[in-house]
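Structural description and commentary
This is what each chain is made of:
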Amino acid sequence: MHPVRFTTQTSSNGVLERDFLVGDVPGVLWSPVSGRDHAPLVLMGHGGGLHKKSPALTARAHDAVSTWGFTVAAIDAPGHGDRPRTAEDEQARVDFRQAQAAGDTERFRSVSVRYVTSLVERAVPEWQAVLDALQKLPEIGTETPIGYGGGISLGTAVGVPLTAIEPRITAAVFGGGFFVYEALIDAARRITVPIQFLLPWDDEHVDRQSALALFDAFASEEKTLHANPGDHRTIRWIGVDNEFLARHLGQASTSPA
């Protein structure tokens, strides 16, 4: 097993940011500068075409650290951020552009499902390896509560199958914004932990009925759906249960930074 190797460290407004590598997987760990050990750990996934430090993800991570005292981890999905692109990654980008230019909705969907399926097969074991390595850090350890904190589109496409097979994750925030396929529905049926699900109601690419079907498939006794107006790129976090993860994971601090 590869250990966590920290490469850079900065701090701002009471939040410590440490870039790391686990093998060849790059990630970032945010934590309170003066936080306590074994604070809840929240895993955050980025959207398709984005990276571990995209502005929206970074803002949510800082809020989770400053408000609740959480530690937050994010990694680059295969072919994203600081990861090299394979021939498959490059071909998928070409296929996406061609399908969009032609207005071919069915081809766009087919390319999306095929590529996301491949990414999930690669990303889920990477997340598990990163989680194994993070638990070796003395400030995290094996007793730390773990949640999946979003996000949208690719972050959920990876997060659902990860949560389905990973018993260490005990609560999760997911969201729409991607094409739902049968294997993802099957994974959702195996998830019983508390779920909060965010849905962009006006997504121009994805039929909202498929997102509703995914929400319906979760076997969780506690699950809530939050739908707001917004297209594929303007998903709003309005009206969500901001205390959801703190309620299920516990909290290290309730004092804003």
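Everything below is about the structure printed above this text.
The notes below deal with the structure included here. Note that this is a predicted model, so its numbers are computed, not measured.

Conventions adopted
- Residues numbered from 1 in each chain as written.
- Predicted model: local features only at pLDDT ≥ 70, side-chain atom pairs only at ≥ 80, totals over all residues.
- Heavy atoms only, no water.
- Buried < 20%, exposed > 50% of the residue type's maximum accessible area, 1.4 Å probe, protein only.
- Helix = DSSP H or I, 4+ residues; strand = E, 2+ residues; numbered from the N terminus.
- Pairing = 2+ DSSP bridges.
- Right-handed = clockwise from strand over helix to strand, strands pointing away.
- Contact = heavy atoms within 4.5 Å.
- Polar contact = N/O pair within 3.5 Å; in protein donor to acceptor, adjacent residues only side chain to side chain.
- Salt bridge = Lys/Arg side-chain N within 4 Å of Asp/Glu carboxyl O.
- Core = buried A, V, L, I, M, F, W, Y, C linked by side-chain atoms within 4.5 Å.
- Expected span 1.5 Å × (residues − 1).
- Arc of directions from axis to C-beta.
- Axes fitted to C-alpha atoms, helices over the stretch in contact; angles between N-to-C directions.

Looking now at the pairing of strand β8 (residues 195-200). Along β8, six of the six residues are buried, which leaves the element largely enclosed by surrounding structure. The alternating pattern of β8 places Ile195, Phe197 and Leu199 and Gln196, Leu198 and Pro200 on opposite faces, both of which are buried. Pairing analysis gives four bridges linking strand β7 (residues 169-175) to β8, with the strands arranged parallel. In the sheet register, Ala172 faces β8, and the bridge partner there is Ile195. Pairing between β8 and strand β9 (residues 223-228): six bridges, direction parallel. Paired with Leu198 across the two strands is His226, which belongs to β9. Following the backbone out of β8, through helix α6 (residues 208-217) and into the adjacent parallel β9, one traces a crossover that is right-handed.

Assignment of secondary structure puts Asp76 in the loop between β5 (71-75) and α2 (87-102). Separated by 50 residues in sequence, Asp76 and Glu126 have C-alpha atoms that sit 9.9 Å apart. In this view, Asp76 contacts Pro26, His46, His51, Lys52, Gly81, Asp82 and Arg83; residues no more than four positions away in its chain are not counted. A polar contact is formed between the side chain of Asp76 and the side chain of Lys52, at a distance of 2.8 Å. Here the side chain of Asp76 touches Asp82 through a polar contact of 3.0 Å, landing on its backbone nitrogen.

Now for the pattern of salt bridges. According to the stated counting rule, one finds 16 salt bridges in the structure shown. Between Arg168 and Asp132 there is a salt bridge, and its shortest N-O distance comes to 2.8 Å. Here the residue Arg168 occupies a position in the loop between α4 (154-165) and β7, and Asp132 occupies one in helix α3 (residues 105-134), the gap between them amounting to 36 residues. Overall, Arg168 belongs to the partly exposed group, its relative accessible area being 23%. The class for Asp132 is partly exposed, based on a relative accessible area of 30%. Between Glu222 and Arg247 there is a salt bridge, with the nearest N and O atoms lying 3.5 Å from each other.

Here we come to the nonpolar core. Core analysis: the biggest nonpolar cluster contains 59 residues, and Leu41, Leu43, Leu134, Phe174, Phe197, Leu214 and Phe218 have the highest contact counts within it. The element that contributes the greatest number of residues to this core is α3, accounting for 14 residues. In this structure Leu43 touches Ala73, Trp127, Leu131, Ile146, Gly147, Tyr148, Gly149, Gly150, Leu162 and Ile169, once residues within four positions along its chain are discounted. Core analysis: the next-biggest nonpolar cluster, separate from the first, contains 22 residues, Val15, Val65, Val240 and Leu245 among them.

Next up on the list: α2. An ideal rise of 1.5 Å per residue puts 22 Å on 16 residues; α2 measures up with 23 Å between its terminal C-alpha atoms. Taken together, the buried positions of α2 are occupied by Asp89, Ala92, Asp95, Phe96 and Ala99. One side of α2 carries all its buried residues, which in axial view fall inside an arc of 120°. Seen from the buried face of α2, the exposed residues on the opposite side, beyond 90 degrees, are Ala87, Arg97, Ala101 and Ala102.

Further remarks concern the side chain of His46. For His46, the location among the structural elements is in the loop between β4 (41-44) and α1 (55-68). In terms of polar contacts, His46 uses its side chain to reach the backbone amide nitrogen of Ala77, at 2.9 Å. Those residues in contact with His46 that lie beyond four places of it in its chain are His51, Lys52, Leu57, Ile75, Asp76, Ala77, His80, Ile152, Leu154 and Gly155.

We now examine the sheet that holds strand β3 (residues 25-32). In spatial order, the strands read β1-β2-β3-β5-β4-β6-β7-β8-β9; together these nine strands make up an open sheet with mixed pairing. For this open sheet the edge positions go to β1 (4-12) and β9, each flanked by a neighbour on one side alone. Sheet twist, expressed as the average angle between the axes of neighbouring strands with direction ignored, equals 20°. In the sheet, strand β6 (residues 146-149) pairs with β7 via three bridges, with the strands oriented parallel.

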